[in-house]
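# Close look at the chain arrangement
Chain by chain, the residues:
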Amino acid sequence: MTYDHFFSASLARLHAEHRYRVFADIERIAGRFPHALWHSPDGPRPIVIWCSNDYLGMGQDPKVIGAMVETATRMGAGAGGTRNISGTHHPMVELEREIADLHGKEAALVFTSGYVSNQAGIATIAKLMPNCLILSDAWNHNSMIEGVRRAGVEKKIWRHNDVDHLEELLAAEILDRPKLIVFEALYSMDGDVAPVERICELAEHYGAMTYIDEVHSAGMYGRRGAGIAAREGVLHKIDVVEGTLAKAFGCLGGYIAANADIIDAVRSYAPGFIFTTALPPAVCAAATAAIRHLKSSQWERDRHQERAAQVKSVLNAAGLPVMPSETHIVPLLVGDPEKCKEASNLLLAEHGIYVQPINYPTVPRGTERLRITPTPYHDDGMIDALAQALLGVWGRVGLPLRHRALAAE
Ligand SMILES: *Cc1c(COP(=O)(O)O)cnc(C)c1O
């Protein structure tokens, strides 16, 4: 029996569908964000990153790096254990307090990543409620889908952001059946926002619990960076807030924040929390520094929004197919996996502009796109260079511009 053909055949399928993933070998340069080096086949070359989830550049903030270096020097590299067995270090305890305060909840629990926090958080919370029904938005992130699957309870999927459909599903259940509504505050591939207030009203009316993923909004929205629910003034109505320390906070790790009993129960029952080593003290201290900074500094949030608006306006004016987005995400529709990849390759190789192609299964087939994430540190010159490069590449790859499409009609 030989086994290799299973794997070569599976890879051949990806190549045939033009969705084989190639990773760019990047070297970020602390203090020069979004400039970086690309280790190309022909050696290192300077590039500008246009697709980072380090949305506010906090991964290179001197205070954040300082906290990381100082803590590693003082406390060492690793945590040295699971949370239960010698791994609950003081920077972790401080971080969990900081997160609870950020989201106005009694307690918080930190996981290895946002992915694990969703997978373990949703599964554990739902499992602890007999006969629980999970109501999940159709566009929820894979980590939430995995959490729903692992819960092993009945689930119903509501059409993306369609509160009428959600209400229909809720109304079909008896009032005292436990129900958990799971959704994202901000969907990161389209940049649209959930009707959070309306969802909270429905949850209240039909007696459901709410679980919100604020991964792409925490740090960036709300007066203290608590996210979209805070901005909408409904944070107190949300039962569980999930977030990451790896995007706007620039570090690594994930969390949930909720009332003390929910957090204590997940702490006590979630295998994905219990049976793994705690994050290092240096990472926790750095994340705490990032959260504290963004609680009081509005500059990054304002500049972020202003830059995103500028990118949309310049690309739109150039006739590029910017997909409508109410937030800091700027998706450019390509609609073909091969062209999407080709456009991305040309941008990198010929213009030193790095925008990773987003293909199926991350987005539906036919909606392949370049997902651009402006940050406070992308200046006007970079934005103009991006528009020029995109126009050149659009022509080379044979993609339509908006005014040409109109002229043809
Ligand atoms: C990235 C992401 C996660 C996972 O967070 P990580 O900290 O990167 O593991 C969870 N939810 C959504 C919506 C995400 O986009």
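A brief structural summary. The structure displayed is predicted, hence computed values, not measured ones.

### A look at the sheet that holds strand E10 (residues 209–213)
Judged by pairing direction, the sheet is mixed, and its seven strands sit side by side in the order E4-E12-E11-E10-E7-E5-E6 without closing on themselves. Of all strands in the sheet, those bounded by a partner on one side alone are strand E4 (107–111) and strand E6 (154–158). Each strand axis lies, on average, 20° off the axis of its neighbour in the sheet, ignoring direction. Contacting strand E5 (133–137), E6, strand E7 (179–184) and E10, helix H6 (residues 142–151) runs over the sheet at an angle of about 160° to E7.

### Examining the pairing of E4
Extensive coverage of E4 is indicated by the burial of five of its five residues. Burial along E4 is two-sided: Ala107, Leu109 and Phe111 and Ala108 and Val110, pointing in opposite directions, are all buried. Bridge count for E4 against strand E12 (residues 254–258) is five bridges, and the pairing is antiparallel. When the sheet's bridge partners are listed, Ala107 is paired in E12 with Ala258.

### Considering helix H2 (residues 62–75)
Given a rise of 1.5 Å per residue, 14 residues ought to cover 20 Å, and the 19 Å separating the end C-alpha atoms of H2 matches this to within 8%. Along H2, the residues classified as buried are Val64, Ala67 and Thr71. Buried residues of H2, viewed axially, fall in a sector of 60°; they line one side. Looking at H2, the residues exposed on the side facing more than 90 degrees away from the buried face are Pro62 and Thr73.

### Brief notes about the packing of helix H4 (residues 90–102) against helix H12 (residues 281–296)
The geometry of H4 relative to H12 is characterised by a closest axis approach of 8 Å and an angle of 25° between their N-to-C directions. For the element pair H4 / H12, the angle class is roughly parallel. The way H4 lies across H12 gives a crossing that is left-handed. Here H4 contributes Pro91, Met92, Glu94, Leu95, Glu98, Ile99, Asp101 and Leu102 to the contact with H12, which in turn contributes Pro281, Cys284, Ala285, Ala287, Thr288, Ile291, Arg292 and Lys295. For the contact of H4 with H12, a count of residues per class yields 10 nonpolar, one polar and five charged.

### Re the state of the cysteines
Applying the stated criterion to the full structure yields zero disulfides. Free cysteine: Cys251, not disulfide-bonded; nearest cysteine sulfur from Cys284 at 9.2 Å.

### Some details on empty space enclosed by the protein
Evaluation of the coordinates by the stated rule reveals one cavity of 30 Å³ or more. Empty space within the largest cavity amounts to approximately 70 Å³. Together, Arg83, Met92, Val110, Phe111, Thr112, Phe273, Thr276, Thr277, Ala278 and Leu279 line the largest cavity. Partitioned by chemical class, the residues of the lining of the largest cavity number six nonpolar, three polar and one charged.

### Remarks on the site of the ligand
In the vicinity of the ligand lie 14 residues, with Gly114, Asp213, His216, Thr244 and Lys247 positioned nearest. Gly114 is positioned such that a nitrogen or oxygen atom in its backbone is 2.8 Å from an oxygen atom of the ligand. The side chain of Lys247 places a nitrogen or oxygen atom 2.9 Å from an oxygen atom of the ligand. For the ligand, whose unbound accessible area comes to 380 Å², protein coverage reaches 85%. A total of three residues in the shell around the ligand trace back to one element, the largest contributor, which is helix H5 (residues 114–127). A breakdown of the residues in the shell around the ligand according to their chemical character gives three nonpolar, eight polar and three charged.

Calculation notes
Each chain has its residues counted from 1, running along the sequence as written. Two thresholds apply to this predicted model, a pLDDT of at least 70 for residue-level local features and 80 or more for giving and counting side-chain atom pairs, whereas whole-chain, interface and lining totals are computed over all residues. To obtain the side-chain values, all non-hydrogen atoms of the structure were used and water was disregarded. In this scheme, strands are said to pair when DSSP sees at least two bridges between them. Per the convention used, a helix needs a DSSP run of H or I reaching at least four residues, while a strand needs a run of E reaching at least two, with both numbered from the N terminus. Orientation is described by axes fitted as lines to C-alpha atoms, over the contacting stretch for helices, and by angles from 0 to 180 degrees between their N-to-C directions. Throughout, a residue-residue contact means that at least one pair of heavy atoms, one from each residue, lies within 4.5 Å. Only protein chains enter the accessibility calculation, which uses a 1.4 Å probe. A residue is then buried if its area is under 20% of the maximum for its type, exposed if over 50%, and partly exposed in between. Every helix has an expected span of 1.5 Å times one less than the residues it contains. Each C-beta atom gives one direction from the helix axis, and the arc is the one those directions make. Angular relationships are summarised with four words: roughly parallel below 35 degrees, roughly antiparallel beyond 145, roughly perpendicular across 65 to 115, and oblique for the angles in between. In a left-handed crossing the near helix is turned counterclockwise from the far helix by less than a right angle, and in a right-handed crossing that turn is clockwise. Only Asp, Glu, Lys and Arg are considered charged, only Ala, Val, Leu, Ile, Met, Phe, Trp, Tyr, Cys and Pro nonpolar, and every remaining residue, Gly among them, polar. Two cysteine sulfur atoms make up a disulfide if the distance between them is within 2.5 Å. In this analysis, the protein atoms alone were mapped onto a 1 Å grid. Cavities are point sets where a 1.4 Å probe fits without being able to get out; pockets are open sets with protein on both sides within 12 Å along at least five of seven lines; lining residues have an atom within 4 Å of a point. Grid points are joined across faces, edges and corners, and a volume is the space filled by probe spheres set on the points. If a single non-hydrogen atom of a residue is within 4 Å of a molecule or strand, that residue counts as near it. Whenever two N or O atoms come within 3.5 Å, that pair is a polar contact, provided that in protein one can donate a hydrogen and the other can accept it, and provided that, for residues adjacent in sequence, both atoms are side-chain atoms. Each accessible area is a Shrake-Rupley result for a 1.4 Å probe, and residues are judged covered by the shown protein chains and nothing else.

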